[in-house]
Amino acid sequence: MADIRLNKITVCGGGNGAQTLAPIAAHQLDCQVDLYAPFGDEADRLRSGSDSHGGVETTGAVQAKALLRCISADPAEVIPGSPLVVLVLPAFAHESTLRAILPFLDQGAWVGAIPARGGFDFCAAKLLREHGRPDVALFGLQTLPWACRIQEFGRSIHVLGVKQAVDAASRPAGLIGEMAPVLQGMLGLRVHQAASLLALTLANTGQLIHPGIMYGLFGDWDGTPFPADGVPLFYHGLSDHGANVLAAMSEDVQAIRECLGASIDLSAVRPLIEWLLYSYNRNIQDSSTLRSAFVTNQAYSGLKAPVREVAPGAFVPDFGARYLTEDVPYGLAVSRAIAELAGVETPALDRVIGWAGAQLGKDFLSTHQDETRVPQRYGLDRLDHLITFVRED
Ligand code: NAI
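Residues numbered from 1 in each chain as written. Predicted model: local features only at pLDDT ≥ 70, side-chain atom pairs only at ≥ 80, totals over all residues. Heavy atoms only, no water.

A. Structural context of the sheet that holds strand β12 (residues 190-193). Taken in spatial order, the eight strands of this open sheet run β5-β2-β1-β6-β7-β8-β11-β12, and their pairing is mixed. Looking at which strands have only one partner, the edges of the open sheet turn out to be β5 (70-72) and β12. On average, each strand axis in the sheet is tilted by 25° relative to the strand beside it, whichever way the strands run. Where strand β1 (residues 8-12) lies against strand β2 (residues 32-36), five bridges are found, and the strand directions are parallel. By the bridge assignment, Lys 8 is partnered in β2 with Gln 32. Sitting on the sheet, helix α1 (residues 16-29) touches β1, β2 and β6 (84-87), and the angle it makes with β1 is about 170°. (Pairing = 2+ DSSP bridges. Helix = DSSP H or I, 4+ residues; strand = E, 2+ residues; numbered from the N terminus. Axes fitted to C-alpha atoms, helices over the stretch in contact; angles between N-to-C directions. Contact = heavy atoms within 4.5 Å.)

Structure follows, in structure tokens:
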């Protein structure tokens with residue numbers, strides 16, 4: 001789609017990230033933006049919020065405001081006519097969203113996920129095959145560029161921090177050269193090209209940071225509820241023990257990179273400390289250790305661990321939060337499954353996956369594999385199959 005004309009794009013999702021991207025993209029690209037929000041009554045709530053505020057607005061680190069052209073729960077109203085369609089959703093909503101929008105995609109559309117999380121390409125390529133849509137190209141970003149939280153639904157979203165640079169990859173892989181400038185224009189920050197979506201799967205640092213910090217904070221929790229002022233800060237509460245957990249997980253991923261790096265370009269798979277500095281350099285006051293880089297990162301300021309109130313003033317960890325329910329089946333389990341194909345041991349990943357699975361009552365590596373995006377689910381059950389898939393254009 002060399003002559004991409006961005007008269008209109010569509011953002012899919014109704015949460016923090018989607019409500020952040022929509023006005024930023026409208027502002028950056030100076031084009032119309034539609035929003036596909038099929039979840040519950042979100043489309044109605046978004047419309048009424050936006051109407052009463054004169055548009056959707058981001059505040060804080062990035063400021064943009066836009067009236068969206070159309071907000072709808074019906075893909076027929078918002079997908080046609082968009083050469084660029086962006087899913088900004090938790091990964092567990094990717095498949096159902098792709099299934100709903102596929103029949104309405106323009107010829108040659110670009111469809112991507114921000115962030116891609118693990119195995120987006122395995123799932124999306126299968127759906128494109130099933131729907132006979134070889135014309136549609138895929139892309140993904142390694143992370144969401146912003147830390148953002150809705151303040152008033154459909155009206156204002158606060159952007160706590162913005163990353164300086166983000167990696168992106170495509171399928172066919174070669175298209176990223178054409179896509180990256182468009183994505184960079186849309187986001188208003190540097191977008192670097194990664195060699196493949198497999199590289200982004202392994203480079204997904206959310207899979208390390210979110211479950212790893214949960215394990216560090218609550219791995220030894222004895223079940224006693226804590227008071228409101230005992231709810232730990234998620235990032236700024238990182239202990240030496242938590243930082244060691246993260247470092248060990250990062251080393252496991254680097255071992256996978258080393259093993260596969262001879263066959264596939266995995267240069268985008270950075271050690272965690274390098275990624276933090278690459279993404280947040282300006283926000284970090286002390287980068288001397290992994291722990292200090294987390295606890296002095298202003299973009300993480302004030303964010304608390306996910307908790308549930310079980311009685312007035314009594315809180316317990318919320319193991320149902322996406323830090324485990326998304327980042328393990330659509331992150332860690334995928335990397336762990338790739339390691340298995342490559343014959344690489346991953347003791348730190350195994351420990352955290354096992355602990356998270358115990359909290360959720362799921363064994364993501366065997367009985368609940370069908371709730372993950374491991375390559376084996378998509379017929380990629382040998383290393384040579386996986387490498388062939390990645391090299392396929
Ligand atoms: P969110 O928690 O705000 O997303 C919830 C939204 O997803 C819902 O409002 C709904 O629109 C949609 N959704 C949920 N379940 C659905 C389903 N079954 N079917 C269809 N739609 C469904 O998520 P957020 O914060 O926007 O994050 C999006 C992605 O970005 C996630 O992968 C998250 O891990 C990642 N991310 C978010 C950051 C943030 O600061 N918000 C920071 C870094 C990454």
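B. Representation of the site of the ligand in the model. Around the ligand there are 20 residues in total, and Gly 17, Glu 42, Arg 117, Arg 149 and Glu 326 lie nearest to it. Separating an oxygen atom of the ligand from a backbone N or O atom of Cys 148 is a distance of 2.9 Å. Take Glu 326: an N or O atom from its side chain is 2.6 Å from an oxygen atom of the ligand. Taking 820 Å² as the accessible area of the ligand by itself, protein coverage stands at 83%. If you list the elements that add at least two residues to the shell around the ligand, you get α1 and β9 (146-152). The biggest single contributor to the shell around the ligand is β9, with four residues. Counted by class, the shell around the ligand contains ten nonpolar, five polar and five charged residues. (Near = heavy atom within 4 Å. Polar contact = N/O pair within 3.5 Å; in protein donor to acceptor, adjacent residues only side chain to side chain. Areas by Shrake-Rupley, 256 points an atom, 1.4 Å probe, with all protein chains shown as cover. Nonpolar A, V, L, I, M, F, W, Y, C, P; charged D, E, K, R; others polar.)

C. Structural view of the nonpolar core. Core analysis: the biggest nonpolar cluster contains 98 residues, and Leu 87, Ile 101, Leu 105, Tyr 235, Met 249, Leu 276 and Phe 294 have the highest contact counts within it. Counting the residues that make up this core, at least three belong to each of domain 1 (8-194) and domain 2 (202-391). If we ignore the near neighbours within four places in the chain, the residues touching Ile 101 are Cys 12, Tyr 36, Pro 75, Ile 79, Val 85, Leu 87 and Val 111. With 46 residues, the next largest nonpolar core counts Cys 31, Leu 68, Leu 144 and Cys 148 among its residues. (Core = buried A, V, L, I, M, F, W, Y, C linked by side-chain atoms within 4.5 Å. Buried < 20%, exposed > 50% of the residue type's maximum accessible area, 1.4 Å probe, protein only. Domains from an automatic or database assignment.)

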